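Residues per chain are reported as follows:
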Amino acid sequence: MKKFYAILLLLAVATGSLHAQQYRTAYFMDGSTMRNRLNPALRSDRGYVMFPMLGDLSANFNSNALTFNSIFYPVDNGMIASLFDSRIAWDTVEPHLAAMNKVSVDLHEALLGAGFYTPIGYWTIDLSLDVAGGVNLPKSLVEFTKQGSRATAYEMGGLSAGTDIYVTLSTGYSRRINDNLTVGGRINFIGGLARANVTYNRLDATLNSDTWSIAADGTLSASINGLRKADHLIDEEGYIIGDQLDAGTLLQNMKGLAGFGMTFDLGAEYVLFDRFRFSAALLNLGFMSWNPEHTVLGRSETAYTLEGNDYTYDPSTGDWVSTGGELTPNLDGRFKETSGKSRTKMYPGVTLGAEYDIFGNNLLAAGMLFTHRRNEYYGRTEFSISATVHPFEWFTASLSYAVGNYKCIGDNFFSSFGFALNFHTGWINFFVGTDYLVFNVNPQFIPINQRAVNLNFGLSIPLGRPHDDWH
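Residues numbered from 1 in each chain as written. Predicted model: local features only at pLDDT ≥ 70, side-chain atom pairs only at ≥ 80, totals over all residues. Heavy atoms only, no water.

Enquirer: Any chance you could explain the pairing of strand E9 (residues 181-208) here in plain terms?
Expert: Across a regular strand the side chains alternate sides, sitting on one face of the sheet and then on the other. As defined by bridge partners, strand E7 (residues 153-155) adjoins E9 across three bridges and the pair is classed as antiparallel. For Tyr154, the partnering residue across the bridge sits in E9 and is Ala205. Examined bridge by bridge, strand E8 (residues 160-176) and E9 share 17 bridges and lie antiparallel to one another. Looking at the pairing, Ser170 lines up with Asn188 of E9. (Pairing = 2+ DSSP bridges. Helix = DSSP H or I, 4+ residues; strand = E, 2+ residues; numbered from the N terminus.)

As structure tokens, then:
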């Protein structure tokens, strides 16, 4: 069981180092090719073709409490170990944890993409890979895993972990109605590659002598094309065998799409007195459904027991070895198959922006932006102010300051600075930026005390000349 929950947390953290949905700081940058992700009415100053795999790459990690320093701790010989490692004392870990420790991660990578102007408007098309995931980790579960008999009862409800992986084919269109008004829309066809989610509404442990009594109420959902054809997925008693749900087995059995969805984005921009720009967008209107033929659902609502076990450290291998019986049965093996449908709820997003051209020559602009975005694993509401400078036709830079709240991960209020650079010459368009500047890193350049980290990178080849006068 200790290994099971360690994998859940560390998998989410590892995924977080890969990906994100970042673009807020780029919203008012005319040369940015990805700013229309927050508003499909916005357009780049030129057409473009993205470099495969590098055209739009984002990575994001958020937590209400956990940072690198609260997850990993120094041990002997300059090495580090996770908070679950038995060499790390509970008294060292406990002050760094919240009652519910929540982590959200997401990745966006445009595999292929292009934007181009025509006499009737501006078009975009791209194929992207997205990963979204999260872990809710009760402090009581960490204490139970590390301490065990320190208390005779633990309430660990709220534990959950999940990941969604999907590909999206998007087509967008933006049209200038007149000199003041531009409208746009985008349709997104979503193909679900894989989904796994475990949630415990109740997970209580009570110590009786040297045996733990477990009372659970949890659900499991897993979807992948080919999953139900895996050998020994369901045992004779109807329980789902957790060994068949590990990442390696799932990827080996993947044979195509396991779900389908479709969403719409709508946006508009209005120019007033040639200096004021007001914009608004409604995003992610639609659905996502997983095919029952590729989905397994389970429920855990029985009482059972776990025998305690002890560990000793083997210096020859560097491993902690169990000196007692294994925990049997493991919590990841107590889900009995149920029937039903698996659906991912889609949450609409909102964008509201206002920008003022200070000198009237596009040299320096001040902007205000409100964004609200949410998925199954986190919700993010932000208000930011920004200054965007455009000293040359081929260069734009932006600095932003934001305050916000992660409502779905513990009402965690925050403030942060963001910074972005965009080189958009006639032969290259290069963008790099972050919404959360990092001021403290370790020798490996890993942020050590940061609860929100992201990075956005884009590289594309421009097409033609600027088209400010085109519809």
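Enquirer: Honestly, the packing of aromatic side chains in this entry has me stumped. Any pointers?
Expert: Aromatic rings considered in pairs are described by the distance between their centres and by the relative angle of their planes. Under the defined criterion, the tally for this structure stands at 16 aromatic pairs. Between Phe392 and Trp394, the aromatic rings sit 5.1 Å apart at their centres with planes inclined by 5°, giving stacked as the arrangement. Owing to a relative accessible area of 44%, Phe392 belongs among the partly exposed residues under this scheme. Classification of Trp394 by relative accessible area gives partly exposed; the value is 39%. These aromatic residues form a ring-pair network of at least three members: Phe392, Trp394, Phe395, Phe423, Phe430 and Phe457. Cation over ring: Arg24 sits above Tyr436, and NZ or CZ is 5.9 Å from the ring centre. (Phe/Tyr/Trp six-rings, centres within 6.5 Å; stacked < 30°, edge-to-face > 60°. Buried < 20%, exposed > 50% of the residue type's maximum accessible area, 1.4 Å probe, protein only. Lys NZ or Arg CZ within 6 Å of the ring centre and 35° of its normal.)

Enquirer: I keep staring at the pairing of strand E6 (residues 121-138) and nothing clicks. Help me out?
Expert: Buried residues dominate E6, accounting for 14 of its 18 residues. The pairing of strand E5 (residues 100-118) with E6 spans 18 bridges and is classified as antiparallel. Following the sheet pairing, Phe116 is matched in E6 by Trp123. Between the antiparallel neighbours E5 and E6 lie two residues. Pairing between E6 and E8: 15 bridges, direction antiparallel.

Enquirer: Any chance you could explain the side chain of Thr351 here in plain terms?
Expert: Secondary-structure assignment places Thr351 in strand E19 (residues 349-357). A polar contact is formed between the side chain of Thr351 and the backbone oxygen of Leu38, at a distance of 3.1 Å. Setting aside chain neighbours within four positions, we find Thr351 in contact with Tyr27, Leu38, Ser279, Ala280, Ala281, Leu283, Leu369, Phe370 and Thr371. (Polar contact = N/O pair within 3.5 Å; in protein donor to acceptor, adjacent residues only side chain to side chain. Contact = heavy atoms within 4.5 Å.)

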